[in-house]
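Residue-level structure breakdown
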Amino acid sequence: MTQLFKTSLLASCAMLMMGAAQGNPVIKDYFEFKKPKMIAIPGDISLDANGAALPSFSGGYSAPGVRVLAAFEGVSQYDAAAFGRNAIPPDTMGVIGKTQFMETTNGAYAIFDKATGVRTSLVSDTAFWAAAGQTGTQGDSRVMYNAVSQRWIAISFGQSVADIQIAVSTTSDALGPWQSTKFTGFAGGTADYPTLALDRNAVYIGTNNFTTSFKGTTMNVIPLDSLFGVGAPTTSNMKQFVTPYTGLATDVDRGYAIQGVNSSSLSSSGKVVSVSLFDFDNLSYKINGLTSTSALGASLGAVSMMGESAYTTPGKARQPSAAIAANRRIVDAGDDRIGSSVFEANGRIYGVHTVNPTADGQDAARVRYFVLDATTMALLAEGDLGEAGYDYYMPSLAVNSKGHVVIAYNRSGLDAATGKISIMAQTFTTAADGHLVKFGSEVLLKESLTDDYHNGSLFGFASAGRQRWGDYSAVSIDPDDESNFWIIGEFAREYNNAAGGHPGGTGGSRWGTWISELDFDPVPEPSTLALMLLGLGFIGHTSRQRQRRGAALVA
């Protein structure tokens, strides 16, 4: 634990006690810096002597309407360490574009060919930002693809953690060139945990603000034309909505880790959702008066609480940890913040976060989804994903224009056969009333290589320090085929020792990231023999297409 974190924790505790004594709003107790910890691991050796990640076709899960088309490894901790940018956690983030998949992590960025999975670029995060015109980065990157303009946008800390920098590609090619700009997110402190969203009017970047303690949040709203118009991106006509936290009863609750809502609708803009600052609930509000050329005349609307079912902060996630019993529940599943992107489609807003539902008495992490009416912001539906004996955490989702939803997450448990940390996905359709209807079975995308992940300490020893995981994952939709959902998440790699293929390594376990393409196109239930035969013929045709694609990937 760093001295900075100790100071922040003590300050938060003091504010909690002061609030309780004076009857003021009491913040939840998860406030801290999320800046990744850079670590030095001498002796790390990449498994790939050629420095390139080889794609591997995965037969994966296949059923009518749900198929894993491709799966391959993304950036690993070994890749980041090779650049001297070794961070925990990776802050796993990636998105699909027209011809490429781009991934950002704390330490290394990579680009993969969409058709084959071949990695075409691997650079350090600092090298990427230098090429875009900035002097460095402190991590916390996110990336999205603007399908309308067919250009990419990436954000991260600047060289100073008070700054947020933005890079925009000049074309649909993620290899570049890129142009950039930056702005002060929180002067004299840290503009922490920056989030990213865009709609047809603006780009939204939310931050948690810290000095030695939590000071509130900022929603930075930048007109779309300022970033994706002609010429270099700028923050001209940007407006910053600062919501301070002072510990007084007059403090306004506009949440924590605030997320703008992604939307492609011309008639919908300026929506924000967040976990509550004071209560175990989510909230939403609107930013009014936005245009694609200016945010200067915008204003904040009233806050609406969602009224979710009761929950508390999730505890540590389980894993088998056969080597040491004390390591069986150490993985940090995060808190209840909305860590991944939120999407609007067909007049509804979809999001996910991690909770510990109080009703089931399980003391286990669960993935909770919520669906809102995009006009009234009323809660239409919610549900918890989970199974007894397992923890579900670090979720993300995407939804297409048909209301088809893919939710991805990590799952782990104590079971020696199935308890390793795994990347999973579940598919849903949306009913007329907004409720999600489960379609098919839970899909296993990647299982970790070890059942005893712990960072910062060596094989055979108890874990040391906070066992950070995440801090997020992502699901994105192929701009050329909205039935194809691309998923990126974190898994645990092998130990960095001789048994793990690393002679001379230090012995610690390492993180990896995994990218999957999931084809989700529900097939209607046939009501007649003719329809059934037609459906079987279609499945056979799709299977032959999949086999051809598999052969291409292997080649």
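What you see as residue numbers is a count from 1 along each chain, following the sequence as written. Thresholds applied to this predicted model are a pLDDT of at least 70 for local features of residues and 80 or more for the giving and counting of side-chain atom pairs; totals over whole chains, interfaces and linings are not thresholded and use all residues. Side-chain numbers here rest on the full set of heavy atoms in the structure, without hydrogens or water.

To continue, consider the overall build of the protein. Secondary structure follows DSSP: runs of H or I at least 4 residues long count as helices, runs of E at least 2 residues long count as strands, and numbering of each begins at the N terminus. Within the protein, the secondary structure is distributed over 5 helices and 36 strands. Burial classes: relative accessible area under 20% of the type maximum marks a residue as buried, over 50% as exposed, and values in between as partly exposed (1.4 Å probe, protein chains only). Within the protein, buried positions represent 58% of all 555 residues. Contacts are assigned to residue pairs with any non-hydrogen atoms lying within 4.5 Å of each other. Contacts in the protein between residues at least 24 apart in sequence constitute 60% of all its contacts with a sequence separation of at least 6. Areas reported as accessible are Shrake-Rupley estimates using a 1.4 Å probe. Residue values count occlusion only from the protein chains shown. When the accessible surface of the protein is summed, it comes to about 19900 Å², and 57% of that surface belongs to carbon and sulfur atoms.

Turning to a nonpolar patch on the surface, a few remarks are in order. A contiguous nonpolar surface patch, about 220 Å² in accessible area, is contributed by Val252, Val303 and Met305. Considering the arrangement of structural elements, one finds Val252 in the loop between β17 (239-244) and β18 (256-262). Candidate patch residues must exceed 30% relative accessible area and have no salt bridge, after which like charges are joined if within 9 Å and Val, Leu, Ile, Met, Phe, Trp or Tyr side chains if within 5 Å. By salt bridge we mean one thing: a side-chain nitrogen of Lys or Arg within 4 Å of a carboxyl oxygen of Asp or Glu.

Looking now at the confidence of the model for the protein. Confidence scores here are pLDDT values: one per residue, from the predictor, ranging 0 to 100. Mean pLDDT over the protein: 86, with 85% of residues reaching 70 or higher. Counted against residues more than four places away or in other chains, residues 41-55, with its pLDDT under 50, gives 34 contacts. Between residues 525-536, whose pLDDT stays under 50, and residues either more than four places distant or in other chains, the model counts 2 contacts.

Right, let's talk about the sheet that holds strand β10 (residues 151-157) for a bit. What the 4 strands build is an open sheet, ordered β9-β10-β11-β12; its pairing is antiparallel. Two strands close off the open sheet at either side, each with one partner strand: β9 (142-146) and β12 (178-184). Geometrically, the sheet is characterised by an average inter-axis angle of 20 degrees between neighbouring strands, direction not taken into account. When DSSP finds two or more bridges between a pair of strands, those strands are recorded as paired. Note: strand β11 (residues 163-169) against β12, 7 bridges, orientation antiparallel. Along β12, the bridge assignment pairs Ile164 with Phe183. In this description, a line fitted to the C-alpha atoms serves as the axis of each element, helices being fitted only across the stretch in contact, and the angle between N-to-C directions of two axes falls anywhere from 0 to 180 degrees. With respect to the sheet, helix α3 (residues 125-132) is in contact with β10, β11 and β12, its orientation differing from that of β12 by roughly 100 degrees.

The next subject is the pairing of strand β29 (residues 379-385). Sheet analysis places strand β28 (residues 366-373) next to β29, joined by 6 bridges and oriented antiparallel. Note on β29: the bridge partner recorded for Phe370 is Glu382. Taken together, β28 and the strand that follows it, β29, pair antiparallel across an intervening segment of 5 residues, in which Met377 is found at a positive phi of about 65 degrees.

Turning next to the nonpolar core. By size, the foremost hydrophobic cluster in this structure holds 52 residues, and its most contacted members are Met102, Phe128, Trp152, Trp178, Tyr393 and Trp469. With 5 residues, strand β7 (residues 108-113) is the single largest residue contributor to this core. Filtering out sequence-adjacent residues up to four positions away, Met102 remains in contact with Met93, Gly94, Val95, Tyr109, Ala110, Ile111, Phe128, Val143, Trp152, Ala174 and Trp178. Within the second largest apolar cluster, 36 residues are counted, among which are Leu397, Ala408, Phe428 and Phe485. Side-chain atoms within 4.5 Å are what join buried Ala, Val, Leu, Ile, Met, Phe, Trp, Tyr and Cys residues into a set we call a nonpolar core.

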